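# Summary of structural features
The residues making up each chain are set out below.
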Amino acid sequence: MAIKSIRDIDIKGKRVFFRFDFNVPLDASGVIKDDTRIRRALPTINYAIEQGAKLILTSHLGRPKGEKKPEMSLRPAAIRLQELVGREVRFVDDCIGQKVKEAVATIPDGGLLLLENLRFHSGETKNDLEFARELASIADVYVNDAFGTAHRAHASTVGITSFVKEKAAGLLLKEELENLDKAFSNPARPVVAIFGGAKVSDKLGVLTNILDRMDVVLIGGGMANTFLRASGTAMGTSRIEEDLVGTASEILQSAKNMGREVLLPVDVVVADRMEGVSRGELVDVQSVPSEEMALDVGSRTIKNFEVEIGKAGTIIWNGPMGVFENPAFSHGTMEIARAVAASGAFSVVGGGDTIRAVQQRGVADKISYISTGGGAFMEFMEGKILPGVAALES
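I will try to describe carefully the structure that is included in this document. These numbers were taken from a predicted model, which means no experiment stands behind them. Throughout, residues of each chain are indexed from 1 in the direction in which the sequence is written. For a predicted model such as this one, the threshold for reporting local features is a pLDDT of at least 70, and the threshold for listing and counting side-chain atom pairs is 80 or more; totals across whole chains, interfaces and linings nevertheless cover every residue. Where side-chain values are given, they derive from all heavy atoms of the structure, hydrogens and water being excluded.

To obtain an axis, a line is fitted to C-alpha atoms, over the contacting stretch when the element is a helix, and the angle between two such axes runs from 0 to 180 degrees between their N-to-C directions. Strands here are runs of E lasting at least two residues and helices are runs of H or I lasting at least four, both read from the DSSP assignment and numbered beginning at the N terminus. Between helix 2 (residues 42–50) and helix 3 (residues 75–85), whose axes approach to 12 Å, the crossing angle comes to 65°. On the basis of the axis angle, helix 2 is roughly perpendicular to helix 3. For the pair helix 2 and helix 3, the sense of crossing is right-handed. When helix 2 is examined against helix 3, the residues L42, I45 and N46 are found in contact with a partner set consisting of L81, L84 and V85. Three residue categories are used. Nonpolar comprises Ala, Val, Leu, Ile, Met, Phe, Trp, Tyr, Cys and Pro, charged comprises Asp, Glu, Lys and Arg, and polar comprises the others, including Gly. Classifying every residue of the contact of helix 2 with helix 3 gives five nonpolar, one polar and no charged. Throughout this description, any angle smaller than 35 degrees is read as roughly parallel, any larger than 145 degrees as roughly antiparallel, any in the 65 to 115 degree range as roughly perpendicular, and the remainder as oblique. In this scheme, a crossing is called left-handed if the near helix is turned counterclockwise away from the far one by less than a right angle; it is called right-handed if the turn is clockwise. The criterion used for residue contact is that any of the two residues' heavy atoms lie within 4.5 Å.

The next subject is the pairing of strand 5 (residues 141–144). Going residue by residue along strand 5, you find V141 and V143 tucked away on one face and Y142 and N144 tucked away on the opposite face as well. Two strands are counted as paired when DSSP detects at least two bridges linking them. Here strand 5 runs beside strand 6 (residues 166–169); their pairing, made up of four bridges, is parallel. Note on strand 6: the bridge partner recorded for V141 is E166. Here's how the labels work: a residue is buried when its accessible area is under 20% of the maximum for its type, exposed when over 50%, partly exposed in between, all with a 1.4 Å probe on protein chains only.

We now examine the nonpolar core. To form a nonpolar core, buried Ala, Val, Leu, Ile, Met, Phe, Trp, Tyr and Cys residues must be joined to one another through side-chain atoms within 4.5 Å. Membership of the largest hydrophobic core comes to 72 residues, with the highest contact counts inside it found for L135, F195 and F227. Examining the composition of this core, we find that six residues originate from one element, helix 7 (residues 171–184), more than from any other. L61, L114, A168 and L171 belong to the second largest nonpolar core, which has 35 residues in total.

Spatially, six strands are ordered 9-8-7-13-14-15 in an open sheet, and the strand pairing comes out parallel. The open sheet has two free edges, formed respectively by strand 9 (261–263) and strand 15 (369–370), since each of these has just one partner strand. When strand 7 (residues 191–195) meets strand 13 (residues 314–318), the two strands line up parallel, connected through five bridges. Within the sheet, the bridge partner assigned to V191 lies in strand 13 and is T314.

Here we come to the side chain of S238. The topology assignment puts S238 in the loop between helix 9 (223–230) and helix 10 (245–258). Of note is the side chain of S238, whose polar atom sits 2.6 Å from the backbone oxygen of M235. Residues adjacent in sequence count toward polar contacts only when both atoms are side-chain atoms; beyond that, a polar contact is any pair of N or O atoms within 3.5 Å, and within protein one must be able to donate a hydrogen and the other to accept it. Here the side chain of S238 touches A294 through a polar contact of 2.8 Å, landing on its backbone nitrogen.

The next thing to look at is the pattern of salt bridges. The salt bridge definition used is simple: a Lys or Arg side-chain nitrogen within 4 Å of an Asp or Glu carboxyl oxygen. Enumeration over the complete set of coordinates arrives at 23 salt bridges. Between R80 and D35 there is a salt bridge; the shortest N-O distance is 2.8 Å. In this pair, R80 sits in helix 3 while D35 sits in the loop between strand 1 (15–19) and helix 1 (36–40), placing the two residues 45 residues apart along the sequence. For R80, a relative accessible area of 22% puts it in the partly exposed group. According to the relative accessible area criterion, D35 is buried, its value standing at 13%. Between D353 and R356 there is a salt bridge, with the nearest N and O atoms lying 2.6 Å from each other. Placement of the pair is D353 and R356 together in helix 13 (residues 352–360), with a separation of three residues, close to one helical turn. Taking the relative accessible area as the measure of exposure, D353 reaches 29% and is therefore partly exposed. Members of the salt-bridge network, linked through shared partners, are D35, R39, R80 and E83.

Attention shifts here to the packing of aromatic side chains. In this scheme Phe, Tyr and Trp rings, the latter by its six-membered ring, pair at centre separations within 6.5 Å, and the angle between planes marks the pair as stacked below 30 degrees, edge-to-face above 60, and tilted otherwise. Inspection of the entire model under this criterion finds four aromatic pairs. Three or more aromatic residues joined by ring pairs make a cluster, and in this case those are F18, F20 and F22.

Moving on to the sheet that holds strand 10 (residues 267–271). Across the sheet, three strands lie side by side as 11-10-12; this open sheet has antiparallel pairing. Lying at the two open borders of the sheet, with one neighbouring strand each, are strand 11 (281–284) and strand 12 (293–297). Direction aside, the axes of adjacent strands within the sheet are offset by 50° on average. One ladder, built from four bridges, connects strand 10 with strand 11; its direction is antiparallel. In the sheet register, V269 faces strand 11, and the bridge partner there is L282.

Below, the structure written as structure tokens:
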């Protein structure tokens, strides 16, 4: 089904309800620590300003669970956005009601109004139709530019679309879908998927869904421990999801039956604990001491992974190779980030930790596409329908 872009519709002089993802991290004093999500919305915002739309900006922040919590107010986002766009961004401390309608009525063409946190009302996460109808009552056009919440069937991502005449995707949402489609539907071969992070359970649906579309799968991080156990390797005190050892074994067998290559670590960096350690010990996976745990991939594993990355036409990466928050166990993740950036392949990176890793390594600008969606990125890879995207189809 076709999804219109904001560029496909006339928005001049119209009240446009924008759903963005301004769910930015705040410090204890309410100062934004990372404004990336706001910056990624700027192309859509600037386009709408140029077109003379009346911009009604909305988002959630945190999980207030239907309660008005001052520490989760979007007011800091209004202040930061005003600095970024160089024009006034008015703020109203609710997202429905008379004061909102009065504020919307005075938006000039090209003007911006940011509404308060949608999740201060329980109707948002419940996809309550009356709440959705109230949101829609202030708009002529609906634009969703929040890929990060596209996997949620909420009032501002799904319900509202039943009550507006025109709906479209913002420039960021369109960009996300086009790049993910390029990586998954018609990729340059070979396709190399890199998975890391703590748990197999977080990636199970993805591995099952995309295995037949990948050529090589590289597995690191804590989740590799469960696959190594499934291969008959004792891993000391490393975290292992015992209830998924059988499933991991089945995945490895499926890959073999399909002719897909799955590379696991051959050496790891170990220590007896994650924190308070300045350096670990490099050991073969067959020689992990019984009282120690694997906390990073080793040098031979990095080289093995680099060989496959260097041959790739497309790379999809989600999850760090170790406990990279601790410098003692960050080397594997940093080296994989460097290799992906230098590969020349079309590369897509998703997930908060993985994005932080490429930023920390200073190679974010060398990655072909960095997805803004954590859960949405994973559910797209799992082959699930994203409600926020499906609601835009016409």
